[in-house]
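# Commentary on secondary and tertiary structure
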Amino acid sequence: MSEVENKSVLIIAIAVSIIFSSVLDKKYPEKAVPEISGLGEKAAIALLNMESFSKIDKIYIESGTVKEGNVIRTEPEEKSVVEVNTVIKVYISKGAKAIMAQNVIGKNVNEAEQILRDQGFLIKFQYVEDPEKQNGIVVEQSNSTEAIKQGETITLTIVRNIETITIVVPDLQGKTNI
């Protein structure tokens, strides 16, 4: 190769390098990540798209505090200023984790309530009379054979016997009021 050809190749290589570096170093507009926590999935994605964020990675996780289908958080965090070509990770609630409630049949109502509340369940009570069983004992439990989501309600049936008192009333027939 001649010296002229070498210089030509060098000039072309430098030109190509400048063109590629300017394309690769292209700056995108910067915007703040919108506040979308608590919004439903569709509304949140629409708002991100409206703000020119199109690289969205949806991640579904369990949450006992955020309603199923709503946004929990984003990465980068909301209000962070980033280029619009940045990947925004959107964490969406799958709802609470489904677990087996502990079987509390036969336990005292106070103990049973505490056990189930500690597992994250709400408790509803109903009562039944059963003179053969002790007052305050759990005799039935809803959802005791299937996994249910934390935050759901479990109904406990509790024995509540009403004491009967026998009052002997004397025979007052024929008596007058004094």
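In what follows, the accompanying structure is described. Quick caveat, the model's predicted, so the values are computed rather than measured.

All right, on to the overall build of the protein then. Tallying secondary structure elements over the protein gives three helices and 10 strands in all. Starting at the N terminus and ending at the C terminus, the protein contains elements arranged as α-β-α-β-β-β-β-β-α-β-β-β-β. Out of the 178 residues in the protein, the part that is buried amounts to 24%. Counting contacts in the protein only where the partners sit at least 6 residues apart, residues at least 24 apart contribute 66% of the total. When the accessible surface of the protein is summed, it comes to about 12700 Å², and 54% of that surface belongs to carbon and sulfur atoms.

Right, let's get into helix α3 (residues 109-118). Looking only at α3, the buried set comprises V109, A112, I115 and L116. Buried residues of α3, viewed axially, fall in a sector of 130°; they line one side. Summarising the geometry of α3, the exposed residues directed more than 90 degrees from the buried face are N110 and D118. Contacts from the buried residues of α3 go to β7 (122-128), β8 (138-141) and β10 (153-159). Capping of α3 at its N-terminal end is provided by N108; its side-chain oxygen lies 2.7 Å from the backbone amide nitrogen of N110. In the segment just after α3, G120 is the residue with positive phi, at about 100°.

All right, on to the sheet that holds strand β3 (residues 71-75) then. Strand order in the open sheet made by the three strands is β2-β5-β3, with mixed pairing throughout. Looking at which strands have only one partner, the edges of the open sheet turn out to be β2 (56-61) and β3. Averaged over neighbouring strand pairs, the angle between their axes works out to 20° when direction is ignored. Pairing analysis gives four bridges linking β3 to strand β5 (residues 88-93), with the strands arranged antiparallel. From the neighbouring strand, R73 faces β5, where its bridge partner is Y91. On top of the sheet, helix α2 (residues 41-50) reaches β2, β3 and β5; it is set at about 160° to β2, its chief contact.

Right, let's talk about the sheet that holds β10 for a bit. The mixed open sheet is built from three strands, whose spatial order is β7-β10-β8. Both outer strands of the open sheet, β7 and β8, are each paired with one neighbouring strand and no more. The average angle at which neighbouring strand axes cross in this sheet is 30°, direction not considered. Pairing between β7 and β10: seven bridges, direction parallel. Counterpart to F125 in the pairing with β10 is L156.

Before going further, it helps to examine the environment of V139. Looking at where V139 falls in the secondary structure, it is placed in strand β8. A residue is classified by how much of its surface remains accessible, and V139, at 23% relative accessible area, is partly exposed. With 35 residues separating them in the primary sequence, V139 and V104 have C-alpha atoms 8.7 Å apart.

Another point: the pattern of salt bridges. Under the counting rule described, the total for this entry stands at nine salt bridges. Notably, a salt bridge pairs E83 with K27, separated by 3.7 Å at the nearest N-O pair. Here E83, found in strand β4 (residues 81-83), pairs with K27, found in the loop between α1 (3-24) and β1 (30-32); they are 56 residues apart in sequence, far enough to count as distant. Taking the shortest distance from any N to any O, the salt bridge between K31 and E51 comes out at 3.9 Å. In this pair, K31 sits in strand β1 while E51 sits in the loop between α2 and β2, placing the two residues 20 residues apart along the sequence.

The next subject is the nonpolar core. With 14 residues, the main nonpolar core has V104, L116, F121, V138, I154 and L156 as its most contacted residues. When residues of this core are traced back to their parent elements, those giving at least two are α3 and β10. Per-element accounting of this core gives the leading share, four residues, to α3. Those residues in contact with V138 that sit more than four places away from it in its chain are V104, I105, G106, K107, V109, A112, L156, T157 and I158.

Cut-offs used in this document
Residues numbered from 1 in each chain as written. Predicted model: local features only at pLDDT ≥ 70, side-chain atom pairs only at ≥ 80, totals over all residues. Heavy atoms only, no water. Helix = DSSP H or I, 4+ residues; strand = E, 2+ residues; numbered from the N terminus. Buried < 20%, exposed > 50% of the residue type's maximum accessible area, 1.4 Å probe, protein only. Contact = heavy atoms within 4.5 Å. Areas by Shrake-Rupley, 256 points an atom, 1.4 Å probe, with all protein chains shown as cover. Arc of directions from axis to C-beta. Polar contact = N/O pair within 3.5 Å; in protein donor to acceptor, adjacent residues only side chain to side chain. Pairing = 2+ DSSP bridges. Axes fitted to C-alpha atoms, helices over the stretch in contact; angles between N-to-C directions. Salt bridge = Lys/Arg side-chain N within 4 Å of Asp/Glu carboxyl O. Core = buried A, V, L, I, M, F, W, Y, C linked by side-chain atoms within 4.5 Å.

By themselves, these figures tell us nothing about what the structure is for.
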